[in-house]
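Single-letter residue listing:
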Amino acid sequence: MAAQKPSVPKGTRDFSPVEMVKRNFIFDIIKDVFKRFGYLPIETPSMEKLSTLMGKYGEEGDKLLFKVLNSGDYLSKVKLDLTKAESTKLTSEISEKGLRYDLTVPFARYVVQHLNEITFPFKRFQIQPVWRADRPQRGRYREFYQCDVDVIGSNSLFNEVELIQIIDQIFKKLSINSVIKLNNRKILLGIAEVIGEPDKFIDITVAIDKLEKIGEAGVIDQLLKSGLGSSSVSGLEPILKLTGSNKEKLTIIKEALEDSKTGLKGVEEVETILNYFETLPLNTELELDLTLARGLNYYTGAIIEVKSKDVEIGSLCGGGRYDDLTGVFGLKDVSGVGVSFGADRIYDVMEQLEVFPKEIVASTKVLFVNFGEKEEKYCLPLLQKMRDNGVNSEIFPESAKMKKQMTYANNKNIPYVVLVGESEMEKGILTVKNMTSGEQSEMKFEELLLKLTK
RNA sequence: GUGGUUGUAGCUCAGUUGGUUAGAGCGCUGGAUUGUGGUUCCAGAGGUCGGCGGUUCGAGACCGCUCUUCCACCCCA
């Protein structure tokens, strides 16, 4: 067979040791904070039935699902006329599974399926890859990791507050300057009502969401194109122009929504959440942003999004409240709220800002140089003792040239190299080289151990 | 999915209107230095020019298709 150039599919990546160490640094921080707030881990399969996935993410989402071809002679069972091009109908006949698109919908499925084992409110976190058949770009991959925290079975707005605290702590620990944007779907719905276009709710949210990108004129243009009357559009203008502090925005929007019950409910919810933070300190800026819409249509209350202040890369974290996600799986009236951290984007931002701590890359603390069989035997018990005391250490696996062994230590960023040859064995000491300073000194094993464990 | 863009050594990139044997820096291997990396000097290895097909006496360069990269739209972590 001819040698072929190996490669991975579009939008997927290998993670080499240096990358993995940094990725794990992110995952560990996120996980620790989740646990600190009492959330428990779950995992679900990479594949879900298409019946679970389809129709949950809107029309666009369905297109972005990776579908898995049925096993066996899948074509023989097809009843369609294949000479006519009907690919959408065909896929449902030859594929019944798909790769998960996010972690929220599988979680809803999980909750319904495991109802009997769960005590509510159920607080879980889930860190797994998801797949989207999107066209890759900077900060957009076809396979990427989401870190979800959700609490389901509690209507309390306190959960929203807790999620904001979690976001605040995580981004502080990751040294990312960010802003948390908060809005409420009920406010957006209220606005649609007030301007007399409740049916155009989705078009309105999609257009408003683009304000930052295409500007006011662009939004108005898009709204007109999607069939809104010009009087309705002009009714929206005050919202597009809204600026000032959170309190000022609330006052104005409350007035504008006085005829909409839903809208006022939304305002009240936002107020409640913001009031919590009058007394709770936050490191991150929390901003009421009425132009924040979020595409996923299952959100019904609070919506949250986090953006980096320093790097332009889309959102690093997003989520919100969904009142009826489990409804389609047969469990009514259970409300949940959650957010999802995009580990890959967080990685890209941290890489660009150079905020990864330098020391995390060096894992091994000591390398024993291998001088041969006798020396190796002498070193192995010492090595064992190092490890028993929690010091990451290794011995070069063969008595290669010094240069090679030193280069190995250097490339792995190992801070100390131990040399034990004949003369050291005789004297019962070690020659220890500090790879940072280049200095080298003789000391007893216990001395080195003490130095590395204090 | 629509429109554009990129691909030459492990990495970053040169390569003139199509013309002999495709280059540089970094990295890698060996040596100067048989018990010393990171600095210096010397030498060496490493290429289906993304892939397939076409035009031509001749293609890394031109054309078509395909894969990949990045960008805009759509949408999103």
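Here, the structure is the one placed above.
Residues numbered from 1 in each chain as written. Chains lettered and ligands numbered in written order. Predicted model: local features only at pLDDT ≥ 70, side-chain atom pairs only at ≥ 80, totals over all residues. Heavy atoms only, no water.

> What's the story with a positive patch on the surface in this structure? I'm lost.
Together, Lys31, Lys35, Arg36, Lys172 and Lys173 give the surface a local cluster of positive charge. For the positive patch, the elements supplying multiple residues, two or more each, are α1 (17-36) and α6 (158-173). With three residues, α1 is the largest single contributor of residues to the positive patch. Here arginine 36 lies in helix α1. Residue classification places arginine 36 among the exposed positions, given a relative accessible area of 63%. (Patch = residues over 30% accessible without salt bridge, like charges linked within 9 Å, V, L, I, M, F, W, Y side chains within 5 Å. Areas by Shrake-Rupley, 256 points an atom, 1.4 Å probe, with all protein chains shown as cover. Salt bridge = Lys/Arg side-chain N within 4 Å of Asp/Glu carboxyl O. Lys, Arg positive; Asp, Glu negative; His and termini not counted. Charge placed at Lys NZ, Arg CZ, Asp CG, Glu CD. Helix = DSSP H or I, 4+ residues; strand = E, 2+ residues; numbered from the N terminus. Buried < 20%, exposed > 50% of the residue type's maximum accessible area, 1.4 Å probe, protein only.)

> Please clarify how the pairing of strand β14 (residues 416-419) should be interpreted in this entry.
For a regular strand, side chains alternate in direction, first toward one face of the sheet and then toward the other. The alternating pattern of β14 places Tyr416 and Val418 and Val417 and Leu419 on opposite faces, both of which are buried. Judged from the three bridges that link them, strand β12 (residues 366-368) and β14 form a sheet pairing that is parallel. The partner of valine 366 across the bridge, within β14, is tyrosine 416. Bridge analysis of β14 against strand β15 (residues 430-434) gives four bridges, and the strand direction is antiparallel. Along β15, the bridge assignment pairs valine 418 with valine 432. (Pairing = 2+ DSSP bridges.)

> Just to check I follow, could you spell out the protein's contact with RNA strand B for this structure?
The full set close to RNA strand B counts 42 residues, and Arg138, Arg140, Ser315, Lys401 and Gln440 are the nearest of them. A share of 50% is what sugar and phosphate atoms reach among the atoms of RNA strand B within 4 Å of the protein. Within the contact set of RNA strand B, a phosphate oxygen lies 2.8 Å away from a side-chain nitrogen or oxygen of glutamine 137. A distance of 3.5 Å separates a base nitrogen of RNA strand B from a polar backbone atom of threonine 436. (Near = heavy atom within 4 Å. Polar contact = N/O pair within 3.5 Å; in protein donor to acceptor, adjacent residues only side chain to side chain.)

> Mind showing me how you'd approach the sheet that holds strand β5 (residues 122-131) here?
Sheets are built from strands that pair by backbone hydrogen bonding, the pairs being arranged parallel or antiparallel. Ordered in space as β1-β5-β6-β11-β10-β9-β7-β8, the eight strands form an open sheet in which the pairing is mixed. The open sheet is flanked by β1 (40-41) and β8 (285-288), the only strands paired with a single partner. Contacting β5, β6 (143-152), β7 (178-184), β8, β9 (302-308), β10 (315-322) and β11 (336-342), α6 crosses the sheet at an angle of about 15° to β11. Packed on one face of the sheet, helix α13 (residues 343-353) meets β6, β9, β10 and β11 and runs near 40° to β11. (Contact = heavy atoms within 4.5 Å. Axes fitted to C-alpha atoms, helices over the stretch in contact; angles between N-to-C directions.)

> What exactly am I supposed to notice about the side chain of serine 154 here?
Within the secondary structure, serine 154 is located in the loop between β6 and α6. When its relative accessible area of 16% is taken as the criterion, serine 154 is described as buried. In this structure the side chain of serine 154 is engaged in a polar contact, spanning 2.7 Å, whose partner is the side chain of asparagine 159. Apart from residues no more than four positions distant in its own chain, serine 154 is found in contact with Pro121, Asn159, Arg321 and Ser335.

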